[in-house]
Every structure is written in structure tokens, then in C-alpha cells.
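# Reading the structure
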Amino acid sequence: MKKLAIIGASYLQEPLIKKARELGFQTHVFAWKTGDIGERTADFFYPLSIVEKEKILEKCREIGIDGICTIASDLAVVTVNYVAEKMGLPGNSMESTELSTNKHLMRKAFDLNGDPSPRSILVSSISDLEGIKLCYPVIVKPTDRSGSRGITELFSEQGLESAIEEAKAESFEKKALVEEFVTGQEYSVEFLSFRGNHHFLAMTQKYTTGAPHFIETGHLEPAFVDPETEKRVIQIVTHALDSLKIQNGASHSELKINSDGVIRLIEIGGRMGGDLIGSSLVNISTGIDFIEQVIRIALGEEPILVPSRKKEAAAVRFIFSQKDIAVFDRLRNEHPEYLLSYEIHPVTSEAVTDSASRFGYFLFKAEDREALLPYLPQPDAL
């Protein structure tokens, strides 16, 4: 029986743990002990923080793992690739890991290699912007976080210092980026890479709250894009993956396309997309078991890119207010056959400030993509 190490034990990793066990692999899960679901569902659980990469490496050597992986976690990716590199297992280099987890280094790599992305300034405080004329609007964000944490759009200098401090507070390295604001419809793009060859899987249409924090309110697959635009997106993302030196595993790219068809990269993570994109939407819309292929690559096996099931349109809507719950109730009454799963918590007066503070979700599918639109949020203003 092959032994697979998994970094993280939260609900984000549960689909990975479950799939690995379905495939007959022994699961060895590492995370700080907090009562998360993966602590109970793993074959073996080790109460080590996901950032304790030296201790995890020591234990993985002792176990004799055959592969190591994670999904939907930038922080866990660092340990995954560190252990993989030290043990000669499939993964990405630590140089690639830095480029794909630090947004400042990512911007520098994109600029060096001619990948289209926004202009960006690294700051430790507002004083770093003295003498620099900013063209508003701008986006202020942490250099090394995901999940819409610490992101603010500003239309003037008012609030700039507090936005920088908020972004720094969310950042692990306590730094922020002040970036040109890119207009257009937002999408994400899922790829699999194996030994440096990149394979496009899906393009997701994204719905967000818009300014100031751009928290995701829903996703739809496949996205409404014409074949020529999709072809250009695939070319741009493929080139950018090479710029970030990504060789193996899943990647999650975020980009915007404006009304003139101009494509700009926002960021790329060297891991599967979260928010049910990688674990559910891709599987439904492509017929390819995304998680299974991530496991195969981690074990050094070539991914299977032939659909194993019927392709359907898929969507997820997140709960921010009673309005979203009303839409859920309408879907359940009008088309209960569309509904796949849901998790809804009581809505409180507490503000939703990032993806982790939303009040749940509902996942649904249909043969006809247009049939899902009445149950998705209104598109963002471009």
C-alpha cells in the first residue's frame, strides 16, 4: 500500500483525504491539533503545525512516504514542496514555491518574462510611497495571503495608510503591495502540470462583492467565453506557469478580461483552487476527477485527462445574507434536482470581511449552463 502525506487537516483537505483512501492509499495527515475533520478521517494523524517543515520531513522519512500533497492552501504548499524536494519526490522547487506564494516576487517574474499583469509597488509603510504619484483606483493587498484577506480598493489617497496597515496585518512577512487596479470580468483557470507539461482543465466565471474587498460571492463553470478568448487565456497562463517554474501538480490562476478583450493576470497559486472549484466544479464540468490526478502526480504517475463521467454545468453561491438563503430556498423549491450539497450557518450582523467569514454555500448543477444563472449573484459591474 502506497503512503501519501497530506499537509493540513481542515475541511479543505477532507476531499483529498477521502479520495486517497478511496484509491487504496494510506493517508498520513499533518496539522496542528484543533479538532478538524481530517484528524478523524486520516489513517494516521500527526499533531504538527503545517509550517514545521523540518519536523514533518523527519517524520515523512521515518514513515517512508511515496508522495506528498495538499489542496487549496498556499501556506501548506511551502511544506509540501520542501519535503518533496528533500526526499526526491514529485513537486516544485523551492524557488518556484517562493514565486507562486509571494505576490511581489510573482509580479517581478511576470514583468521579467513579459507576462501581462498590473504594475505593483512593494511597501512596508506609507512612507515608501513618498515621491511616487499613484494613478487611482489602486488595490492594496498582502504579499502572501489568499481568500480575499486584507484586500482594499481605493479611489483616492484617503484611507491609503489604513489599507496598507490592514494588508500588512494579514501578511506573514508584514508587507503589502499597492497595485494598479485592473478592470474587467474576473475568471480563474485550473491547470494540471506533470514534468513541466501543462494541461488546461477549466475556466471559472467569478462573481464578487466588488469594491472595496472583492470577496467571492459565486462561481460558474464552464465560463461564458468564446473559443478564441479561451485559446488566448490558455497560451498566456501556460507561459506564466513557466515563468513561475511550476513543473508538477495543480495550479489556480486568476485573471481579468476587459471589454476590449485585453487579458491581465492577477495571480497564480501553485495549488488547486479552493471554494469548491477544484474539489467539485472542475469534476462536474470536465468529467475529470481533479483530486485523483493531483494524487497521481504526487506519486509520480501521469495524470488521466480523459473524462470519466458526463460533463455538466456547475455553480456555487456563497451565503452573505438572508437574500442568499432566499435564493437557496427558491432553488430547492423550483429545481431540487439541481442541488448537490449545501452548508448554511445562521446569518448574523457580523460583517463578511473575507471568504472565511461567509455564512455557508450551496452547490448546484444542470445540463444547461443558462439554467443556473437565475440562482447566481448578479455579475460585477465592470
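The following refers to the structure shown. (Residues numbered from 1 in each chain as written. Predicted model: local features only at pLDDT ≥ 70, side-chain atom pairs only at ≥ 80, totals over all residues. Heavy atoms only, no water.)

## Observations regarding the pairing of strand S1 (residues 3-7)
Every other side chain in a regular strand lies on the same face of the sheet, so the side chains alternate between the two faces. Threshold: Partly exposed residues are those whose accessible area sits between 20% and 50% of the maximum for their type, while under 20% is buried and over 50% is exposed, using a 1.4 Å probe and protein chains only. Every helix listed is a DSSP run of H or I at least four residues long, and every strand listed is a run of E at least two residues long, numbered separately from the N terminus. When DSSP locates at least two bridges between a pair of strands, those strands are taken to pair. With the strands pointing away from the viewer, any crossover whose connection runs clockwise from the first strand over the helix to the second is right-handed.
Most of S1 sits inside the fold, with 4 of its 5 residues counted as buried. Pairing of S1 with strand S2 (residues 26-30), which is carried by 5 bridges, proceeds in the parallel orientation. Paired with Ile-6 across the two strands is Val-29, which belongs to S2. Taken together, S1, helix H1 (residues 14-22) and S2 form a β-α-β motif whose crossover is right-handed. Note that S1 and strand S4 (residues 67-69) share 3 bridges and pair parallel.

## Some thoughts on the sheet that holds S4
Quick note on the threshold: Throughout, an axis means a line fitted to C-alpha atoms (over the contacting stretch in the case of helices), and angles, computed between N-to-C directions, take values from 0 to 180 degrees. Contacts were defined at the residue level, with two residues in contact if any of their heavy atoms lie within 4.5 Å.
Taken in spatial order, the 4 strands line up as S3-S2-S1-S4 in an open sheet, and their pairing is parallel. The open sheet has two edge strands with one neighbour each: strand S3 (44-46) and S4. Neighbour-to-neighbour, the strand axes of the sheet open up by a mean angle of 20 degrees, direction not taken into account. Strand contacts of H1: S1, S2 and S4, with the helix running at about 160 degrees to S2, the strand carrying the most contacts. This element, helix H10 (residues 290-298), spans S1 and S4 of the sheet and lies at about 135 degrees to S4.

## Quick word on the packing of aromatic side chains
The criterion, for reference: Side-chain rings of Phe, Tyr and Trp, where Trp is taken by its six-membered ring, are said to pair if the distance between their centres is within 6.5 Å; with planes under 30 degrees apart they count as stacked, over 60 as edge-to-face, and otherwise as tilted.
A full pass over the atoms with the stated rule returns 7 aromatic pairs. Measuring from ring centre to ring centre gives 4.8 Å for Phe-328 and Tyr-342, while their planes differ by 55 degrees; the resulting arrangement is tilted. With Phe-328 in helix H11 (residues 322-334) and Tyr-342 in strand S15 (residues 339-344), the pair connects residues that are 14 residues apart, well separated along the chain. The exposure class assigned to Tyr-342 is partly exposed, which follows from its relative accessible area of 44%.

## Quick look at unusual backbone geometry
With an omega dihedral of 5 degrees, the bond running from Tyr-136 to Pro-137 counts as a cis peptide bond. Take Pro-137: it is sitting in the loop between strand S5 (120-123) and strand S6 (138-142). Following Glu-221, the chain continues into Pro-222 via a peptide bond in cis, with omega recorded as -5 degrees. As for its placement among the helices and strands, Pro-222 is situated in the loop between strand S11 (216-221) and helix H8 (227-243). For Ala-72, which is not glycine, the phi dihedral falls at a positive 60 degrees. Summarising the element assignment, Ala-72 is placed in the loop between S4 and helix H4 (74-87). Despite not being glycine, Lys-245 has its phi angle at roughly 60 degrees, a positive value. By the secondary structure assignment, Lys-245 is in the loop between H8 and strand S12 (249-257). Its relative accessible area of 38% is what places Lys-245 among the partly exposed residues.

## Description of the sheet that holds S5
In spatial order, the strands read S5-S8-S6-S7; together these 4 strands make up an open sheet with antiparallel pairing. Of all strands in the sheet, those bounded by a partner on one side alone are S5 and strand S7 (152-154). Ignoring which end each strand starts from, the neighbouring axes of this sheet average 25 degrees apart. Sheet topology note: the S5/strand S8 (residues 176-180) ladder contains 4 bridges and is antiparallel. Its bridge partner lying in S8, Ile-121 is registered against Val-178. Contacts between helix H7 (residues 160-170) and the sheet are confined to S5, S6, S7 and S8, with S6 contributing the most and set at about 30 degrees to the helix.

## Brief notes about a nonpolar patch on the surface
Our working definition: The residues that make up patches have over 30% relative accessible area and no salt bridge, and they are joined within 9 Å when like-charged or within 5 Å when they are Val, Leu, Ile, Met, Phe, Trp or Tyr. Only the protein chains shown count as cover for residues, and all accessible areas are computed by the Shrake-Rupley method using a 1.4 Å probe. Salt-bridge detection follows one rule: a side-chain nitrogen of Lys or Arg within 4 Å of a carboxyl oxygen of Asp or Glu.
On the surface, a cluster of nonpolar side chains totalling about 260 Å² of accessible area is made up of Val-51, Leu-75 and Phe-172. Looking at where Leu-75 falls in the secondary structure, it is placed in helix H4. Looking at Leu-75, the relative accessible area reads 33%, which means it is partly exposed.

## Quick word on the nonpolar core
To keep it simple, the criterion reads: Joining through side-chain atoms within 4.5 Å is the link that ties buried Ala, Val, Leu, Ile, Met, Phe, Trp, Tyr and Cys residues into a set, and such a set is a nonpolar core.
The biggest cluster of nonpolar side chains holds 76 residues, and the ones touching the most others in it are Phe-30 and Phe-364. Here this core gets 6 residues from one element, more than from any other, and that element is H10. Residues contacting Phe-30, with those up to four places away along its chain left out, are Ala-5, Ile-6, Ile-7, Gly-8, Ala-9, Tyr-46, Leu-48, Ile-50, Ile-56, Lys-59, Cys-60 and Ile-63. By size, the runner-up hydrophobic cluster in this structure holds 21 residues, among which are Leu-99, Ile-236, Leu-244 and Ile-263.

## Structural notes on the packing of H4 against helix H5 (residues 94-101)
Going by this rule: An angle below 35 degrees is treated as roughly parallel, one above 145 as roughly antiparallel, one from 65 to 115 as roughly perpendicular, and anything else as oblique. Side-chain classes follow a simple rule in which Ala, Val, Leu, Ile, Met, Phe, Trp, Tyr, Cys and Pro form the nonpolar group, Asp, Glu, Lys and Arg form the charged group, and the remainder, Gly included, forms the polar group.
Put simply, H4 and H5 touch, their axes get as near as 9 Å, and they point 175 degrees apart. By the angle between their axes, H4 is roughly antiparallel relative to H5. Counted together, Asp-74, Val-77, Val-78, Asn-81, Tyr-82 and Glu-85 of H4 and Met-94, Thr-97 and Thr-101 of H5 form the full contact between these two elements. Its residues assigned to classes, the contact of H4 with H5 comprises 4 nonpolar, 3 polar and 2 charged.

Such coordinate-based values are descriptive only and should not be taken to indicate function.
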